[in-house]
Structures are given as structure tokens and as C-alpha cells.
Amino acid sequence: MFDPDIAPSGTLLGLLQRGRGDGPLHALAAPRADALAALEHCVLRDPRLDWRVESRSLYYARLYSDLEGPLDGIEQHLFHPDDLIVPDEHRCGLALSVLGHLAGYGRRDALRLLRRYAATGGCWEWALDELAIRDGEAGLRRLGPAVVGRFPRTPDGDAALARAVREAYEPRPWQLWAEDTAQPATAERVRKAAEQVSFDRWQRQMRSAGPTPGWSVAAVLDWAEQGLDAHPVVERDQPAARCLAAVAGAEDRPALLAAAQRGPSAARAAALRHLGDRRDPRCLDLIEAAAEAVEERVVRAAVESFERMRDDAALVRARHWAVRTDPLGGAAARMLARRGGPADADLVLAALRRTVQAGGADAEGLDALVEGVGRLAACRAAPLLRHLYRETSSSQLRGTAARALALADPGFAAGFAVECLWDCEEATRELAAHRATSGDVRVLTQLRRLAADPAEEAEVQTAVRGRLSSGGASR
């Protein structure tokens, strides 16, 4: 994943990059030029650790509205020559999403930028999806010739057009263009592309996609190994394990046990996954041995197989392994975090401390441990949870820390819960709507704003309106 450069958490830029609720509050109190510079930096240089799961666009759009920020910087960014040379959704996606929300708030300049970018920009599909849910029919119809004109009237161009129609996240513009009598040439091309999509779908349904008949366990294991000889290397241990589920019988157990003990890496990994999924009586011992293997592939298969287990025997073994400092120890601690009881709280908290000390506030595997100490009500974890809340660059992990603090920290309602009302993540705002104390004068004002905001998520508005109807008392 992309590794952004995140400023310290105590700075305005660091707060906005993280999507923390304190970010807008500090921005509105700072000099407007400084606030706009920090906001633009975030929008033009996406700060998210994983843009597929973390929210920022509504958060930044709200601040643009509050600051009445100009869109010159976004315009220059979107129409930079690099955009056409190497179109990159990671470079432009956040800016386009912010424009979409601003258009929803009635910013005509944002709507015009989206229309212009959809007609001429490199990542035009994203802009078109934003327009599909915010622009009127007349505006969308005017875009038809420009968008369809991107595809030359050649077999390759027609195939690309059909692919664009098939992969469109929002079909509304294409449906309008297919029915547009004012642009018959455009409508004809879109209708033919849609027909091609239907034909392609029918062809895929007619093709057999079942497993190759006649495979034996030995052939499947050999096939897994052959992937390592391909260029580039193809990791086949997971699909091979699924194939083993179809071809392996009771008589094949000795061969699978042998492969899981001492087979070559891909075959060993596939056998481990299969035996773990089948809960073979020896699978836990095999997993423990595989965790010491030299090959990373084998260790990964052992750890992932163990984490999928849900029986009591695996939980008992997890209590013995949770003190380990290797990947299997981490997996055992995460299992206790998800399924353990109150007696396991110390093991989970110790693993959380080790993970933070080794990898910092954005270390891999923190989510399950943070959720676990909250579920197990490990009140001694509150200082560490507050540290993670402040420092992590992941808004998802911060939300998990907030939920854990709501259970483990008696001061959460009057502290971080108030800030969470401005957080970038929907689930964190919903939590704050339930928990934030009404003693802070800002709380009622923000609850009313969220209730009236047409862009706010339905779950948040339900929580907010329930809170307002109860008189604003903390629940």
C-alpha cells in the first residue's frame, strides 16, 4: 500500500491528515490561510493508509464549506499534464470525491469542475460516478458525446466502450445516453455497447468453470509447486487447498500429513491449510511445527489456518502460544482478543503492548487486539488506547480505539467522545452521538448540524435524532 508522509499528531496538518475530530475545530480557530493550506495539502496528497476503507472526503468537504475555501488548487491538480500522461485514481480520487460532496452542498464551481474533468480528465470514470448521483439529467446528457467520443469507432474502441459500460459503478449516465434522442449517434453506440455486455455475460455463463476432473492429491500438490516456477511467481497454496477439499479422501490423509510435515513450501502450505480447515487431530501440532519453518509461505499458511479455527481446542492452545513473540504468538493473541474470556485480558493487553512497542501506532494486527481489550474491559489498557487514538494514522483503528475506550475508560464521554462528533469515520460519529456528554456546549450544536446535513449517513442521523429527542442526555 501507499505509505503517506504523516505530520505529528499535535499539528494542524497532522490532525487533518488523520481525520480526527479536533482537526476542523483547530482549523476554524487558526488563521484562515494556514487552515486552507493544510486542508489543500490533505486533499491533493491523499494521507490515508488504505483509501479503500478509510473515509476523508465528506470530512474535508465540510471543512471546505466552513472555510469557504476556493477550488483553484484542486483545479490545478486535476488538470495537471501528469493526469493525462499517467491517470492515477490514488492521485485524483480524493479530490474528485471532495468535489462531489461540495456539489451536493450546492457549490456550482465544484459541479462545473466535475463536468469538465469527466469530459477531458484522465480518471473520468470517477468524476462521472460523482456526477451520476448529484447532477441533473440535462447536465449529464450534455456530457454524453464527450465521454463516448473518448472511444474510437474501431473494434478495440467498441470493446473498450462496452467494458466501460459494464464496469460503471453508477449506470444512470449510460442509461440516459442510450435513450437520448437528441444525440442519435451517441445513443446508438451506447445501446450497442450495452448489448455487447449482455452477450458477454451470457457467454461467461455458458462456459464451464468447474474444477479440472481427474486430479489427484499428488497432482494438486505438484500444481501448487509449479506456480513457484512461473514468471512472475504465482502463489497457489490457497487455491490448491480448495482443490484438495474436492479431491482428497480418507485414504489420502497419510500423504497430506507427510506433505504438511516436510513437503516443499507451496505443497506444505496447501496441505496445512487443508488439514486445518478439516480440523485434523494433528493439525495444531503441525501448525506449531510449521511456525518455526524458514519459508515465509509456510509460516503464513500456518498462522492463517490457526486464525480461522473456532473450536475450544484451538482456544486452549492459543493461551499457551499467546506469550510467543513470533507470528503464531500474534495470531494466538488475536484469537483470545476475539473469543477469549475475562481471564485472558492480561494476555491480550500484554500482546497489545508488545505490538505497539515493536511496530508503533500503525503496526499490523492492532485492530483485533484493541477491540479485544475493549471487549474484555481491560481498564488498565486505557492509557495505551488513548495513545493509539491520538497517534495512529488509520482512522479505522482510531474508531476501534474509541469503541474500546467507551468500554474501558470512564472519562471517554467527556473527553474523546466530544471530539468524535467531528471525526471522519461514520461509525465513530455514530458512537459519539450516543456517548458524548451534553455538558460540553459544542455537543448540542454539532448534533443539530449532523441531523440537518443531507450528506450525513443514515445511521449517524438516526443516532443523533434519537439523542436529540431524548433531550441530549448521554446514554
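Preceding block: the structure.
Presented here is an overview of the structure given in this document. On a predicted model such as this, the values are computed, not experimentally measured, just so you know. (Residues numbered from 1 in each chain as written. Predicted model: local features only at pLDDT ≥ 70, side-chain atom pairs only at ≥ 80, totals over all residues. Heavy atoms only, no water.)

Between helix H18 (residues 283-290) and helix H20 (residues 312-321), the shortest axis-to-axis distance is 11 Å and the interhelical angle comes to 30 degrees. Taken together, the axis directions place H18 and H20 in an arrangement best described as roughly parallel. The chirality of how H18 crosses H20 is right-handed. Together, Leu284, Asp285, Ile287 and Glu288 of H18 and Ala313, Ala314, Arg317 and Trp321 of H20 make up the contact between the two elements. Partitioned by chemical class, the residues of the contact of H18 with H20 number five nonpolar, no polar and three charged. (Axes fitted to C-alpha atoms, helices over the stretch in contact; angles between N-to-C directions. Helix = DSSP H or I, 4+ residues; strand = E, 2+ residues; numbered from the N terminus. Parallel < 35°, antiparallel > 145°, perpendicular 65-115°, else oblique. Left-handed = near helix turned anticlockwise from the far one by under 90°. Contact = heavy atoms within 4.5 Å. Nonpolar A, V, L, I, M, F, W, Y, C, P; charged D, E, K, R; others polar.)

Right, let's talk about helix H19 (residues 296-307) for a bit. Between the first and last C-alpha of H19 there are 16 Å, a value that for twelve residues agrees with the 16 Å anticipated at 1.5 Å per step. Of all the twelve residues making up H19, nine are buried; the element is thus mostly covered by neighbouring parts of the structure. Regarding H19, the residues found buried are Arg297, Val298, Val299, Ala301, Ala302, Val303, Ser305, Phe306 and Glu307. Looking at the packing, one finds that the buried side of H19 touches helix H15 (237-247), helix H17 (265-277), H18, H20 and helix H21 (327-339). (Expected span 1.5 Å × (residues − 1). Buried < 20%, exposed > 50% of the residue type's maximum accessible area, 1.4 Å probe, protein only.)

Of note, the amide linkage connecting His231 to Pro232 takes the cis form, showing an omega dihedral of 0 degrees. Along the polypeptide, Pro232 turns up in the loop between helix H14 (217-226) and H15. Its identity is not glycine, yet Glu68 carries a phi of approximately 50 degrees, on the positive side. Topologically, Glu68 is positioned in the loop between helix H4 (57-67) and helix H5 (72-78). When its relative accessible area of 64% is taken as the criterion, Glu68 is described as exposed. Of note, Arg279 is a non-glycine position whose phi angle comes to about 55 degrees, a positive value. Considering the arrangement of structural elements, one finds Arg279 in the loop between H17 and H18. A relative accessible area of 29% places Arg279 in the partly exposed class.

With that out of the way, let us pick up the nonpolar core. Residues Phe306 and Leu352 are the most contacted members of the largest nonpolar core, which totals 86 residues. Ignoring anything within four residues of it in the chain, the contact list for Phe306 reads Leu284, Ile287, Ala314, Ala318, Trp321, Leu328, Ala331, Ala332 and Met335. Ranked by size, the runner-up nonpolar core spans 56 residues in total, among them Leu16, Cys42, Leu44 and Trp124. (Core = buried A, V, L, I, M, F, W, Y, C linked by side-chain atoms within 4.5 Å.)

As a further point, take H17. In this model H17 runs 18 Å from its N-terminal to its C-terminal C-alpha over 13 residues, within 8% of the 18 Å that 1.5 Å per residue would give. Buried within H17 we find Ser265, Ala266, Ala267, Arg268, Ala269, Ala270, Ala271, Leu272, Arg273, His274, Leu275 and Gly276. Elements that come into contact with the buried residues of H17 comprise H14, H15, helix H16 (253-262), H18 and H19. Positive phi shows up at Arg279, right after H17, with a value of about 55 degrees.

So, about the state of the cysteines. According to the stated counting rule, one finds zero disulfides in the structure shown. Between Cys92, a cysteine without a disulfide, and Cys123, which holds the nearest cysteine sulfur, the sulfur-to-sulfur distance is 4.8 Å. Overall, Cys123 belongs to the buried group, its relative accessible area being 5%. (Disulfide = S-S within 2.5 Å.)

Before going further, it helps to spend a moment on the pattern of salt bridges. All told, the structure shown has 37 salt bridges when counted by the stated rule. Put simply, Asp109 and Arg107 hold a salt bridge, and the shortest N to O gap is 2.9 Å. Among the salt bridges present, the one from Asp326 reaches Arg324, with a minimum N-O distance of 2.5 Å. On the accessibility criterion, Asp326 (22% relative accessible area) is partly exposed. A network of salt bridges, in which partner residues are shared, links Asp285, Glu288, Glu292, Arg317, Arg324 and Asp326. (Salt bridge = Lys/Arg side-chain N within 4 Å of Asp/Glu carboxyl O.)

Structurally, Arg449 is set in helix H28 (residues 441-452). Owing to a relative accessible area of 31%, Arg449 belongs among the partly exposed residues under this scheme. A sequence separation of 15 residues divides Arg449 from Val464, and the C-alpha atoms of the two residues are 9.6 Å apart. Beyond its immediate stretch of four places on either side in the chain, Arg449 contacts Arg62 and Asp66.

Before going further, it helps to examine the environment of Leu13. Within the fold, Leu13 resides in helix H1 (residues 12-18). Spatially, the C-alpha atoms of Leu13 and Tyr169 are 32 Å apart, while their sequence positions differ by 156 residues. Excluding anything up to four places from it in sequence, Leu13 contacts Ala7, Ala38, His41 and Cys42.

Moving on, we get to the environment of Gly360. By the secondary structure assignment, Gly360 is in the loop between helix H22 (345-359) and helix H23 (366-375). Along the primary structure Gly360 and Thr392 are separated by 32 residues, whereas in three dimensions their C-alpha atoms are 8.4 Å apart.

Along the chain, the position of Asp180 falls in the loop between helix H12 (172-178) and helix H13 (184-206). Taking the relative accessible area as the measure of exposure, Asp180 reaches 8% and is therefore buried.

Attention shifts here to a negative patch on the surface. Negative charge collects at one region of the surface, where Asp88, Glu89, Glu125 and Glu167 lie side by side. You can see Glu125 is positioned in helix H9 (residues 124-132). Taking the relative accessible area as the measure of exposure, Glu125 reaches 37% and is therefore partly exposed. (Patch = residues over 30% accessible without salt bridge, like charges linked within 9 Å, V, L, I, M, F, W, Y side chains within 5 Å. Areas by Shrake-Rupley, 256 points an atom, 1.4 Å probe, with all protein chains shown as cover. Lys, Arg positive; Asp, Glu negative; His and termini not counted. Charge placed at Lys NZ, Arg CZ, Asp CG, Glu CD.)

Moving on: the packing of aromatic side chains. Evaluation of the coordinates by the stated rule reveals nine aromatic pairs. Here Trp124 and Phe151 contribute two aromatic rings whose centre-to-centre distance is 5.9 Å and whose plane-to-plane angle is 80 degrees, an arrangement assigned as edge-to-face. With Trp124 in helix H9 and Phe151 in the loop between helix H10 (137-148) and helix H11 (155-167), this pair connects stretches of sequence that are 27 residues apart. Given a relative accessible area of 7%, Trp124 falls into the buried group. For the pair Trp124 and Trp174, a centre-to-centre distance of 6.5 Å together with 65 degrees between the ring planes defines the contact as edge-to-face. Highlighted residues: Trp124 in helix H9 and Trp174 in helix H12, separated in sequence by 50 residues. Ring pairs connect the aromatic residues Trp124, Phe151, Trp174 and Trp177, which therefore count as one cluster. Here the basic side chain of Arg116 rests over the ring of Phe79, its NZ or CZ set 3.8 Å away from the ring centre. (Phe/Tyr/Trp six-rings, centres within 6.5 Å; stacked < 30°, edge-to-face > 60°. Lys NZ or Arg CZ within 6 Å of the ring centre and 35° of its normal.)

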